[in-house]
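What the coordinates show
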Amino acid sequence: MENLLLTNTNIQQFNNELDNFISGYNIKKHNKTWLELFLEEVLLKYRDAYGENTEFHYNIRKRFSILLVDIYVKEKSLNVLKSNDYQDNDSDILDNIFSNNSDGEVLYRYKNDENVISVSMPVETKKIKLPGSKHLHAIILAIIVGLILKQLPSETITILVEDYISPVYSTLMNTLKGLMEPVIFISLVVGICAIDDLKSLSTIGKGILLSFIKITTVIFLTTVVACLFAFPSTGATTQSFNLANIISLLLTSIPENIIKPFYEGNMIQIVVIGFVSGIVILALGEKSSTIKKLLLEFKFFFFTILDMFVKFLPFVVFLSVIKVILSTNISESTIVWKIILVDQILVIVVALINLIYTSLNTKVSMKTLLKKMRSIFSISLSTGSSTAAIPEFYKKLPTSFGIDEKYSNYWIPLSNAFFSPSTIVALIVYSFFSAQAQNVGLSIEWLIIMYIMTVQIGMATPRIPGGIIASCTIMFSQLGLTTDQLGIIMAANVLVLYLDTAVAAITRCCCAINISKKQGYINIDKLRDPKIF
């Protein structure tokens, strides 16, 4: 493993690679939590002791039924596991983690001028699970139960939907939306802080973020044109344009204070606060090291809570599908296949356009580009998660694509936090579908509002199950749409998740190549070499 510096970016890279590796094995949840917290805190302690310019490397592997993780820090001997060797204001954090009941064993040794922390963790027999099986089972079961309940008298169905299903479903959706607020805020702040300093943000980071907005605009225009034909609105269309409404929307993005948006659930203002907070933390430099550490801890805390709630997501899908079946006729329910078809075609078209442009821009054959992207595509397809492919991005961008390693370390966390082509396409498709179903007329003003919301919410949507559903509720409220079609949308989103994520990974690879070429951070000869993949 190559030597890395003890920066926030590289520590996050280690965390992502560790999380991706252990997700493939059946490790008890409390052991997994302990392992991630303990090793992250070890790296932070060594960074606090020796500074960010200290080199480290690591080795993660599995031997038989034991997971082994070794961290090597090249510096003079310092055992951070012993309180008499290392003391600071936060020393009790590592002591508390170390003393927690887990099945892991820890060993410290000093060898070849390196501090070595070794952790071993037992791995249970892995249970084979089909990707997304719980959600698919929930949909199938809901269809069966819904068709049976459909035979009941209409009065009974109305009572069942309005008095039982709808209240439970609404409560769960509101809970999901409420959990998204701190998750979105922390994700945005941590994503900006990954750049490490304000100078890099103004040079490299600014160029990357502006490129994301430009690409989002191209995807938006392509998707809107297609949706105008796929989901023509039957409502009254007006050509009037009220600039005051657009200005009002932009002004409402600016919060009166930093507390109000959180208790009001104003997601747009939370996004603005997140961006500003991230920039302020970068401006503080080394003074903000404690804040950055706390943000990482809070991110882990809220994502753990969200992960617990996500376990109920199949039940939410079950209720939403039953609600749709009981509230509509069968022919209306089957429109889910149209949503899936339009979404999949558009995601593929967007990827194909980017692939062709990248091939022409770099003079590299599409076959060579796809060959270099193959491993990233495979991981994204098998997991349905863009986050799971992050370690492969860290590996492939410098080696196979020829992108400068430092530039890659900036681009990867920013792209994962702020750019998701499949999310952009899905938000627009779902909005047009709902507008058609609700007979909402379209106008230039409506499309401009949709564009503003797509840029903001597309960046802010967490890359987790259910994230886009919560974002839809925010976007619909600004577009004057109800959430009556959310059940069909949720079912469609479950079915397109894996292929959407995989195809979107191709678009992200193309964007990485084009943006780095524009800013002069790529070795084109390495990219053109078909033997390097």
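Structural data are supplied above this passage.
Note that the structure is a prediction, hence the values are computed from the model and not measured.

The helix and strand tally for the protein stands at 21 helices and five strands. Out of the 533 residues belonging to the protein, those deemed buried represent 53%. Residue pairs at least 24 apart in sequence account for 81% of intrachain contacts in the protein once pairs closer than 6 positions are excluded. By element, 62% of the accessible surface of the protein is carried by carbon and sulfur atoms, the whole surface being about 24,100 Å².

Before going further, it helps to spend a moment on the pattern of salt bridges. For the coordinates displayed, the defined rule picks out five salt bridges. Here Lys32 and Glu36 are joined by a salt bridge, their closest N and O atoms 3.3 Å apart. Separated by four residues within a single helix, Lys32 and Glu36 lie in helix H2 (residues 29–50), roughly one turn from each other. The structure contains a network of salt bridges with shared partners spanning Asp19, Lys32 and Glu36.

Backbone geometry at Lys363 places phi at a positive 60 degrees, although glycine is not the residue there. As for its placement among the helices and strands, Lys363 is situated in the loop between helix H13 (336–362) and helix H14 (366–383). Positive phi values are uncommon outside glycine, yet Asn439 reaches one of about 55 degrees. With respect to the secondary-structure elements, Asn439 resides in the loop between helix H17 (421–437) and helix H18 (444–460). Looking at Asn439, the relative accessible area reads 47%, which means it is partly exposed.

Strand pairs in the sheet, formed through backbone hydrogen bonds, run parallel or antiparallel to each other. Read across the sheet, five strands follow the order S1-S2-S3-S5-S4 without closing on themselves; strand pairing throughout is antiparallel. Edge strands, defined here as strands with exactly one partner in the open sheet, are strand S1 (4–5) and strand S4 (105–111). In terms of strand pairing, strand S2 (residues 55–63) meets strand S3 (residues 66–73) through eight bridges, oriented antiparallel. When the sheet's bridge partners are listed, Ile60 is paired in S3 with Val69. Contacting S1, S2 and S3, helix H1 (residues 8–22) crosses the sheet at an angle of about 0 degrees to S2. The strands touched by H2 within the sheet are S2, S3, S4 and strand S5 (114–122), with S5 carrying the most contacts at an inclination of about 175 degrees.

So, about the packing of helix H11 (residues 313–327) against helix H20 (residues 486–519). In a pair of packed helices, the angle between the axes and the distance between the axes together describe the arrangement. Put simply, H11 and H20 touch, their axes get as near as 8 Å, and they point 130 degrees apart. On the basis of their axis angle, the class for H11 and H20 is oblique. Of the two elements, H11 crosses H20, and the hand of that crossing is left-handed. Mapping the contact onto sequence places Val316, Val317, Ser320, Val321 and Val324 in H11 and Gly487, Ile488, Met490, Ala491 and Val494 in H20. Here the contact of H11 with H20 is built from residues that sort into eight nonpolar, two polar and no charged.

One recurring pattern in soluble globular proteins is that nonpolar side chains are buried together. Counting 115 residues, the largest nonpolar core has Trp411 and Tyr430 as the members making the most contacts within it. If near-sequence neighbours (up to four positions away) are discounted, Tyr430 is found in contact with Ile339, Ile468, Cys472, Phe476, Ile489, Ala492, Asn493 and Val496. Leu78, Ile117, Val119 and Val123 belong to the second largest nonpolar core, which has 31 residues in total.

Moving on to a nonpolar patch on the surface. Where nonpolar side chains cluster on the molecular surface, the patch consists of Val276, Val280, Leu284 and Ile291 and spans about 310 Å² of accessible area. Looking at which element gives the most residues to the nonpolar patch, the answer is helix H9 (residues 267–284), with three residues. Tracing the sequence through the fold places Ile291 in helix H10 (residues 289–310).

In this model, H17 (17 residues) spans 25 Å end to end at C-alpha, consistent with the 24 Å of a helix rising 1.5 Å per residue. With 16 of 17 residues buried, H17 lies mostly within the body of the structure.

So, about the state of the cysteines. One pass over the full model with this rule turns up zero disulfides. Free of any disulfide, Cys509 has its nearest neighbouring cysteine sulfur in Cys510, separated by 6.9 Å. Under the relative-accessibility criterion, Cys509 is labelled buried at 0%.

To continue, consider the pairing of S2. Bridge count between S1 and S2: two bridges; the pairing is antiparallel. Within S2, the residue paired with Leu4 across the bridge is Phe56.

The rules behind each value
Sequence order sets the numbering: in each chain, residues are counted from 1 along the sequence as written. Only residues with pLDDT of 70 or above have their local features reported here, since the model is predicted, and side-chain atom pairs are shown and tallied only from 80 upward, although totals for entire chains, interfaces and linings are computed over all residues. Think of the side-chain values as coming from all heavy atoms in the structure, minus any hydrogens and water. Counting from the N terminus, the helices are DSSP H or I runs at least four residues long and the strands are E runs at least two residues long. When a residue's accessible area, from a 1.4 Å probe over protein chains only, is under 20% of the maximum for its type it is buried; when over 50% it is exposed; and in between it is partly exposed. Only heavy atoms enter the contact rule, under which two residues are in contact if any of them lie within 4.5 Å. Method for areas: the Shrake-Rupley scheme with a 1.4 Å probe, in which residue coverage is limited to the protein chains shown. A pairing counts as a salt bridge when a side-chain nitrogen of Lys or Arg comes within 4 Å of a carboxyl oxygen of Asp or Glu. One bridge is not enough; two strands pair if DSSP finds at least two bridges between them. Note on geometry: axes are lines fitted to C-alpha atoms, helical ones only across the stretch in contact, with angles between N-to-C directions running from 0 to 180 degrees. Any angle between 65 and 115 degrees counts as roughly perpendicular, while under 35 counts as roughly parallel, over 145 as roughly antiparallel, and the rest as oblique. Handedness of a crossing follows from how the near helix is turned relative to the far one, being left-handed for an anticlockwise turn of less than a right angle and right-handed for a clockwise one. Each residue gets one label: Ala, Val, Leu, Ile, Met, Phe, Trp, Tyr, Cys and Pro are nonpolar, Asp, Glu, Lys and Arg are charged, and the others, such as Gly, are polar. Among the buried residues, those of types Ala, Val, Leu, Ile, Met, Phe, Trp, Tyr and Cys that are joined through side-chain atoms within 4.5 Å form a nonpolar core. Residues enter a patch when their relative accessible area is above 30% and they make no salt bridge; the linking distance is 9 Å between like charges and 5 Å between nonpolar side chains (Val, Leu, Ile, Met, Phe, Trp, Tyr). The length a helix should cover is 1.5 Å for every residue beyond the first. In this description, a disulfide is simply a cysteine sulfur pair whose atoms lie within 2.5 Å.

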